Protein chains: 4
Amino acid sequence: MIKVGIVGGTGYTGVELLRLLASHPHVEVEAITSRSEAGLAVSELYPNLRGHYDELRFSEPDPARLARCDAVFFATPHGVAHALAGELLERGTRVIDLSADFRIRDAGIWADWYGQPHGAPELLDEAIYGLPEVHREKIRQSRLIAVPGCYPTAVQLGFLPLLEAGLIDPDRLIADCKSGVTGAGRGAKVPSLLAEASESMKAYGASGHRHLPEIRQGLADAAGGEVGLTFVPHLTPMIRGIHATLYGQLKADAGDLQQLFEERYRDEPFVDVMPVGSHPETRSVKGANLCRIAVHRPANGDTVVVLAVIDNLVKGASGQAIHNLNLMFGFNETDGLAAPAIMP
Amino acid sequence: MIKVGIVGGTGYTGVELLRLLASHPHVEVEAITSRSEAGLAVSELYPNLRGHYDELRFSEPDPARLARCDAVFFATPHGVAHALAGELLERGTRVIDLSADFRIRDAGIWADWYGQPHGAPELLDEAIYGLPEVHREKIRQSRLIAVPGCYPTAVQLGFLPLLEAGLIDPDRLIADCKSGVTGAGRGAKVPSLLAEASESMKAYGASGHRHLPEIRQGLADAAGGEVGLTFVPHLTPMIRGIHATLYGQLKADAGDLQQLFEERYRDEPFVDVMPVGSHPETRSVKGANLCRIAVHRPANGDTVVVLAVIDNLVKGASGQAIHNLNLMFGFNETDGLAAPAIMP
Amino acid sequence: MIKVGIVGGTGYTGVELLRLLASHPHVEVEAITSRSEAGLAVSELYPNLRGHYDELRFSEPDPARLARCDAVFFATPHGVAHALAGELLERGTRVIDLSADFRIRDAGIWADWYGQPHGAPELLDEAIYGLPEVHREKIRQSRLIAVPGCYPTAVQLGFLPLLEAGLIDPDRLIADCKSGVTGAGRGAKVPSLLAEASESMKAYGASGHRHLPEIRQGLADAAGGEVGLTFVPHLTPMIRGIHATLYGQLKADAGDLQQLFEERYRDEPFVDVMPVGSHPETRSVKGANLCRIAVHRPANGDTVVVLAVIDNLVKGASGQAIHNLNLMFGFNETDGLAAPAIMP
Amino acid sequence: MIKVGIVGGTGYTGVELLRLLASHPHVEVEAITSRSEAGLAVSELYPNLRGHYDELRFSEPDPARLARCDAVFFATPHGVAHALAGELLERGTRVIDLSADFRIRDAGIWADWYGQPHGAPELLDEAIYGLPEVHREKIRQSRLIAVPGCYPTAVQLGFLPLLEAGLIDPDRLIADCKSGVTGAGRGAKVPSLLAEASESMKAYGASGHRHLPEIRQGLADAAGGEVGLTFVPHLTPMIRGIHATLYGQLKADAGDLQQLFEERYRDEPFVDVMPVGSHPETRSVKGANLCRIAVHRPANGDTVVVLAVIDNLVKGASGQAIHNLNLMFGFNETDGLAAPAIMP
């Protein structure tokens, strides 16, 4: 058993870490911190956890106590991991950051999008982008993981096979994404109220969203050069789930796209390439650490359409974080992540 | 007061016609037909109508009785209007068809997509496509209207200004559309159950959907030549609403897109071009005969993104049908269609 | 045309007043106030109103301007109407208060439940409880109306016929009520988030809710003496609607309950007694100023079950407020309130 | 490892058995039958199961093959278990029936409510009602289990401590229950469509529901004599979950109700008595085999209100069935049932 800590545990990715870790055979939660809820029992905030973690209470973030953990998850707003990660790493505790703090390799780009200077540029070199389908081996050796964002996970997994194979025009990528409302976090904001967000659909951030540079960076790696990406996220009236609908322009000789995807992900435990003609539903991954993908070529034309679905809180956040942990500590990749999705 | 009939009144577009016509100052509903529910009071099937139409019962479709109406709406599956429209027109009754029967000018294309021969090709010449923003004057003179489909309404209104002005590449149009479940009608099908369709998002018909030829025909008219369109509809967990997210590649000198849209729709009572930077929500048109549109140009690049929302049952069906009726009979265009959307 | 003002117009009852008044033939909205949004166009906050009220902006509450109105609606938290009503009445403006400020005749009981002294006890004598089905004639003569709460409207209309006729034991009344989330207002609170409140059901205030004394007061009037009431409200995952399920113990000779209800409400334009065996759905009144009621006597036993549904924002708030206005100014009772419910 | 079969596996309780059994350490699914879907891969119907049970296909119900299982679950409409259970028992296969076939001890009462003769009255004597909180020891010895219905589970667990202790009047029990739509099964029926059932609330079966005699039988056992129960179920716009709100009239000396409930369920792994003042939410048990209960006594009066929530597909069906299996085969009671609920 290893000991883990969770910093900023009151949000949705925090409770999801606890839910998943409750079934993990090798992990014990040592501490969970929250400035606002310090002292409160975890199960009081999240009654679904009653009967699990009954002794666990939110505590003030105390680096000394966190440093007694083998690994610490950051489920925090941006900036917090910047401030704490260095000290923990120095004390020998590995860091798995679910926030955006270490996702973008260029501190200047980060600063532009987040409106503040990067707080730990000295750590960027060793931070590994925790998309196991791309960086598995580096993750195994890493002390500091930047867990990908939810949209970036779905969009990258959908485009990667095409870009790596050089089959689509990298200048004309379109990602039309639909997310459930937990993507906006647990903050009390009027637009996230049931009375406002249910029975409605809307785009947001059509002129620019913070996940854009992260996605562009990953796609550029795959394409071997800059990409042109239009990314439009939409707020969908459901709790969980992301549906990414991706459009690319095929170059001359595309070949068998289904086979391409199946081969690319053949050995991946958490990517499911569905049969030809499928339309994956977000509910088919609810609660599970999976990305299901289908690839279409309407009317056999030169536009390829990729449909990729994930649970934004699992494969898009907490599940993927645990996958990284499993890789870092040499556990089975599926430990704690094997349960099927819940449906209906 | 004119008298109208409704053929096939048990579906959602039927009850929506009744809801809207209840506030129409010049229309009286003379007959509503349904083979399966003949004899049943309308308010028994639709308790929201109790207190309105209390004497109205579904009746067997009887051409003689229908011919006593000034106009007849068809809210039927495809094929029914083919069979009845000719006789009604001959007897002097105008026909407003909400089905797909007369939307496509080429009977062969229709037959390909609907898997059966066109049942009334001799009427195609005089059928007018009932998109008032394009064909207002012809509608005024017409006896036979093909009310546009829901997706086609949103997609055409969003692309029209750009195509008419020749500002985007007509070969590279993408329409990513999200629809509430009433778009699938009132049929008892497992995928439309709340337990299946709520808390989930999925694409469907990614390889080809029956609205595709209709949209292509309308866009080609606007572009003055064939267009290349990728159209991917999605099932969204809500009752009403369509959100069309449209992508086009701008040609060199695009100019002020906001101004273009505002001018194109300046005098249209049912198209609302929202301010720069807006993200229209489908709920902002719930129950109302409106299309709200916003136009974006992310990072000032060469991709234009148009966001267009309608209520699929109103501007996408029954409301637009009544708008056509108003034009045909010289009523005010907004008669019966003036109430604001209901929100929240 | 009369001029009306709305104080506190940013909440759900405020926008609902605007939506309904847009179709009212005799009312013009002169002013709508909000301290927090002063200066903002109404249609910017509520895009469903674009095209209506385009000149109307939220303004600071200014008694002088409000006093130029013939009537002022208060759609405010408790306490606000206490402070302003007196001055307006003195200047000849009638007041229709949608808050709880004047609903309870006993200032001491009010103070107990609201945790502060009553701010205008001198007005209590002339305040009329605006339930037209009980106080129609007094409302016509009144200057100051306390519009009933949403739960109280449904519970009273359901129990009244039985209590007035002395058919049930007044000491054993149970009201199990289910409300959509707009009942909690537009405040940004975590439990009202879509991610928290959808896909779930819970009771709240089982040990005591502020609507309890109001309901008890109304039922006691009907019963001619104190009543014993257990009232348990529940939060339901929907935007609008209240479903009240009411249980009473019948005394010996109950007679024909259906007939009793039908006679009690025969002339009421906004109460619909449904046929024997009905189960009213909240959606059958969505957006409409209606209470639909069904009465059951399971297994012909001595328990009577009354099912009553309203739209909490219409018959439970803004619609009923307009009904009161219509009575006070001698308009037709259904002016502005005639449109059918929207369904589906 | 034991081998189990599932008869009638295409419904929601069938897929839920598969989801839960995927995490069971001692169970292997040998066969799953469906006449209508014979030949289809399970994961084709339920894509959430892709990656689990990949070899498993629906098969025609074949008693010989089923008899090779150690136990067979019936997830069928009523009548099917009547026909097959006897043969399986004879061949040494234990039967766990999730349908209503063996829940009611009196074959005549069964016939009255189900409108057909009881098909296996000779088995009634040995059928054990599978509510472990009442019949744990008998279940351990049993070959034939009647798994309780969803409403009956919640209502009985809520009332039992009060009735067993003789604290409430058994003639005046009221159970106001709210269920998600999966309670109605996976049948394609118009009232279960998202477009019909969402954004609405309604009662049904107010004059009598098939779960009534089952509940009455269980409550009578606890009370030691006949009970008078009014039971009103409601359809709630959510997928899963039952919220039972129970009302009883306390006799003179009630004592500490919280303590009573805590003691009654102290050793129960799947009943959670929440702290004083709690309001359990159905989402707090989503996907988990739990009943959470809170007990209230409003204004310290003589009415007791019990709030009990379950997931209708888990503690109300498939989870409870597995709990029974665990007891019958001497496994740990929580095997396969230990994962926390999923929230949000």
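Along each chain, the written sequence defines residue order, and numbers are assigned to residues from 1. Here chains are named by letter from A upward and ligands by number from 1 upward, in the order in which they appear as written. It should be noted that, the model being predicted, local features are given only for residues of pLDDT at least 70 and side-chain atom pairs only at 80 or more, the latter also being counted only at that level, while totals for whole chains, interfaces and linings use all residues. The side-chain numbers reported here are obtained from all heavy atoms of the structure, hydrogens and water having been left aside.

- Chain A goes by N-acetyl-gamma-glutamyl-phosphate reductase in an unreviewed UniProt entry, where it is assigned to Halomonas huangheensis.
- UniProt positions are given in the numbering used here, feature names are shortened, and annotations may be inferred rather than shown by experiment. One UniProt comment on chain A, placed under Pathway (unreviewed entry), says "Amino-acid biosynthesis; L-arginine biosynthesis; N(2)-acetyl-L-ornithine from L-glutamate: step 3/4."

### A closer look at the relation of the copies chain D and chain A
Here's step 1: Under the fitted operation, chain D is carried onto chain A by 0.0 Å of movement along the axis and a turn of 180°, and the coordinates agree to an RMSD of 0.0 Å. Both copies of the chain, as the preceding transformation shows, are related through a two-fold rotation axis.
Here's step 2: Most of the interface of chain D is mirrored in chain A: 100% of its interface residues are interface residues there too. When the copies are superposed, the least-squares fit draws on C-alpha atoms of residues that have pLDDT of at least 70 in both. In this analysis, two residues are considered to be in contact whenever any of their non-hydrogen atoms come within 4.5 Å of each other.

### Things to note about the pairing of strand β8 (residues 173-179) of chain D
Residue and element names in this part refer to chain D.
Here's step 1: Burial here depends on accessible area, computed with a 1.4 Å probe over protein chains only, as a share of the maximum for the residue type. Under 20% is buried, over 50% is exposed, and the range in between is partly exposed. Numbering of helices and strands runs from the N terminus, with a helix taken as a DSSP run of H or I at least four residues long and a strand as a DSSP run of E at least two residues long. Burial analysis of β8 places seven of its seven residues in the buried class, which makes it a mostly covered element.
Here's step 2: Covered by surrounding structure in β8 are L173, A175, C177 and S179 together with I174, D176 and K178, the residues of both alternating faces.
Here's step 3: Bridge count between β8 and strand β11 (residues 242-249): six bridges; the pairing is antiparallel. Across the sheet, A175 pairs through a bridge with L246, a residue of β11. Here the rule is simple: two strands pair whenever DSSP picks up at least two bridges between them.

### Some words on the relation of the copies chain A and chain B
Here's step 1: At an RMSD of 0.0 Å, chain A and chain B line up after a rotation of 180° and a shift of 0.0 Å along the axis.
Here's step 2: Comparing interface residues between copies, 100% of those in chain A also lie at the interface in chain B; the contact surface is shared.

### Remarks on the interface of chain A and chain B
Here's step 1: Each partner contributes to the interface: chain A provides 42 residues, whereas chain B provides 42 residues.
Here's step 2: Buried area between chain A and chain B, both sides added, is near 3,500 Å², and the carbon and sulfur share of it is 55%.
Here's step 3: Of all residues in chain A, E199, M201 and Y247 of chain A give up the largest surface area on contact with chain B, accounting jointly for 17% of the area buried on that side.
Here's step 4: Should a side-chain nitrogen of Lys or Arg be within 4 Å of a carboxyl oxygen of Asp or Glu, the pair is scored as a salt bridge. Across the chain A-chain B interface, the total number found is six salt bridges.
Here's step 5: Looking at the side of chain A that touches chain B, the elements that each hand over two or more residues are β8 (173-179), α8 (194-197), β9 (202-203), β10 (229-235), β11 (242-249) and β14 (303-310) of chain A.
Here's step 6: Among the residues making up the side of chain A that touches chain B, the classes are represented as 18 nonpolar, 13 polar and eleven charged. What gets called buried area is simply the loss in accessible area from a 1.4 Å probe that two parts show on being joined, summed for both. Ten residues, namely Ala, Val, Leu, Ile, Met, Phe, Trp, Tyr, Cys and Pro, are considered nonpolar, four, namely Asp, Glu, Lys and Arg, are considered charged, and the remaining ones, Gly among them, are considered polar.

### Focus: the domain arrangement of chain A
Residues and elements named next belong to chain A.
Here's step 1: An automatic or database domain assignment is the source of the domain bounds shown. Each domain of chain A was delimited in the assignment, giving domain 1 (2-126) and domain 2 (150-312).
Here's step 2: Inter-centroid distance (C-alpha atoms) of domain 1 to domain 2 is 27 Å.
Here's step 3: Each side of the interface is counted separately: domain 1 has 15 residues, and domain 2 has 15 residues.
Here's step 4: Looking only at domain 1, the three residues that lose the most surface to domain 2 are Y12, R103 and W113, adding up to 47% of its buried area.
Here's step 5: Connecting domain 1 to domain 2 are three salt bridges.

### What to know about the sheet that holds strand β1 (residues 2-7) of chain D
Residue and element names in this part refer to chain D.
Here's step 1: Ordered in space as β3-β2-β1-β4-β5-β7-β6, the seven strands form an open sheet in which the pairing is parallel. Strands with a single pairing partner mark the edges of an open sheet, and in this sheet they are β3 (58-59) and β6 (128-129).
Here's step 2: Relative to strand β5 (residues 94-97), strand β4 (residues 71-74) is paired through four bridges, and the arrangement is parallel. Paired with A71 across the bridge in β5 is R94.
Here's step 3: Packing against the sheet, helix α11 (residues 314-329) makes contact with β1, β2 (27-33), β4, β5 and β7 (144-146), and its axis sits at approximately 155° to β5. Each axis is a line fitted through C-alpha atoms, and for a helix only the stretch in contact is used; angles between axes span 0 to 180 degrees, taken between their N-to-C directions.

### Structural notes on the UniProt feature "active site" (unreviewed entry) in chain A
All names here are of chain A.
Here's step 1: Within this structure's numbering, the places UniProt gives as "active site" (unreviewed entry) are C150.
Here's step 2: The topology assignment puts C150 in helix α7 (residues 150-164).
Here's step 3: With residues near it in sequence (within four places) discarded, C150 still touches H211, I242, I310, N312 and G316.

### Considerations on unusual backbone geometry
Here's step 1: For the peptide bond that leads from M343 of chain B to P344 of chain B, omega is 5°, which places it in the cis range.
Here's step 2: The backbone of N300 of chain C shows a phi angle near 55°, a positive value even though the residue is not glycine.
Here's step 3: In this structure, N300 of chain C sits in the loop between β13 (291-296) and β14 (303-310).
Here's step 4: Classification of N300 of chain C by relative accessible area gives exposed; the value is 59%.

### Structural notes on the environment of E226 of chain B
Residue and element names in this part refer to chain B.
Here's step 1: Turning to its location among the elements, E226 is positioned in the loop between α9 (211-223) and β10 (229-235).
Here's step 2: Assessed through its relative accessible area of 68%, E226 is described here as exposed.
Here's step 3: Setting aside chain neighbours within four positions, we find E226 in contact with P170, D171 and A220.

### Notes on the pattern of salt bridges
Here's step 1: Here the structure, examined in full by the defined rule, presents 88 salt bridges over all chains.
Here's step 2: The salt bridge partner of R240 of chain B is D311 of chain B, with a shortest N-O separation of 2.9 Å. Remark: D311 of chain B occurs in the loop between β14 (303-310) and α11 (314-329) and R240 of chain B occurs in the loop between β10 and β11 (242-249); sequence separation between them is 71 residues. The exposure classification of R240 of chain B matches that of D311 of chain B, with both residues buried.
Here's step 3: Note that E30 of chain C is salt-bridged to K3 of chain C, the shortest N-O span being 3.7 Å. Here the residue E30 of chain C occupies a position in strand β2 (residues 27-33), and K3 of chain C occupies one in strand β1 (residues 2-7), the gap between them amounting to 27 residues.
Here's step 4: On the basis of relative accessibility, which here comes to 33%, the residue K3 of chain C falls in the partly exposed class.
Here's step 5: Each of the salt bridges in this network shares a partner with another, and the network as a whole consists of E16, R19, R240 and D311 of chain A.

### Remarks on the sheet that holds β11 of chain B
For sheets, the rule is that strands pair by backbone hydrogen bonds, running either parallel or antiparallel.
Residues and elements named next belong to chain B.
Here's step 1: Read across the open sheet, the seven strands follow the order β9-β10-β8-β11-β14-β13-β12; overall the sheet is mixed. The sheet is open, and its two borders are formed by β9 (202-203) and β12 (271-273), each paired with just one other strand.
Here's step 2: As judged from the eight bridges shared by β11 and β14, these two strands associate in the antiparallel manner. The residue bridging Q249 from the neighbouring strand is T303, located in β14.
Here's step 3: In this fold α9 packs onto β8 (173-179) and β10, with an angle of close to 135° to the strand it touches most, β10.

### Re the packing of aromatic side chains
In this description, an aromatic ring pair is defined by two values, namely the gap between the centres and the angle between the planes.
Residues and elements named next belong to chain D.
Here's step 1: Stacked, tilted and edge-to-face are the three classes applied to pairs of Phe, Tyr and Trp rings, where Trp contributes its six-membered ring and a pair requires centres within 6.5 Å; stacked means planes under 30 degrees apart, edge-to-face means over 60, and tilted covers the rest. Tallied over the full model, the rule gives twelve aromatic pairs over all chains.
Here's step 2: Geometrically, the ring pair formed by W110 and Y114 is stacked, given 4.7 Å between the ring centres and 20° between the ring planes. Here Y114 and W110 lie together in helix α5 (residues 107-114), a separation of four residues that amounts to about one turn.
Here's step 3: Residue class for W110 comes out buried when judged on its relative accessible area of 0%.

### Description of the UniProt feature "domain: Semialdehyde dehydrogenase NAD-binding" (unreviewed entry) in chain A
Here's step 1: On the UniProt side, "domain: Semialdehyde dehydrogenase NAD-binding" (unreviewed entry) is annotated at positions that read residues 3-142 of chain A here.
Here's step 2: Helix makes up 34% of residues 3-142 of chain A and strand 17%, whereas the separation of the span's terminal C-alpha atoms amounts to 17 Å.

### So, helix α4 (residues 80-90) of chain A
Here's step 1: Looking at α4 of chain A, one finds that the buried residues are A81, H82, L84, A85, L88 and L89 of chain A.
Here's step 2: Here the buried face of α4 of chain A lies against β1 (2-7), α3 (63-66), β4 (71-74), β5 (94-97), α5 (107-114) and β7 (144-146) of chain A.

### Here we look at the interface of chain D and chain A
Here's step 1: Across the contact, 35 residues belong to chain D and 35 residues belong to chain A.
Here's step 2: Together chain D and chain A conceal approximately 2,600 Å² of surface at their shared face, both sides included; 62% is due to carbon and sulfur atoms.
Here's step 3: For the interface between chain D and chain A, the tally reads two salt bridges.
Here's step 4: Close ionic contact of R50 of chain D with D272 of chain A constitutes a salt bridge, the shortest N to O distance being 2.6 Å.
Here's step 5: Pairs of N or O atoms within 3.5 Å make up the polar contacts considered here, provided that, within protein, one atom can donate a hydrogen while the other can accept it, and that residues adjacent in sequence are counted only when both atoms are side-chain atoms. Here chain D is connected to chain A by 14 residue pairs in polar contact (both at pLDDT 80 or more).
Here's step 6: At the level of elements, α1 (12-21) and β12 (271-273) of chain D are the ones that each hand at least two residues to the side of chain D that touches chain A.
Here's step 7: The element best represented in the side of chain D that touches chain A is α1 of chain D, accounting for four residues.

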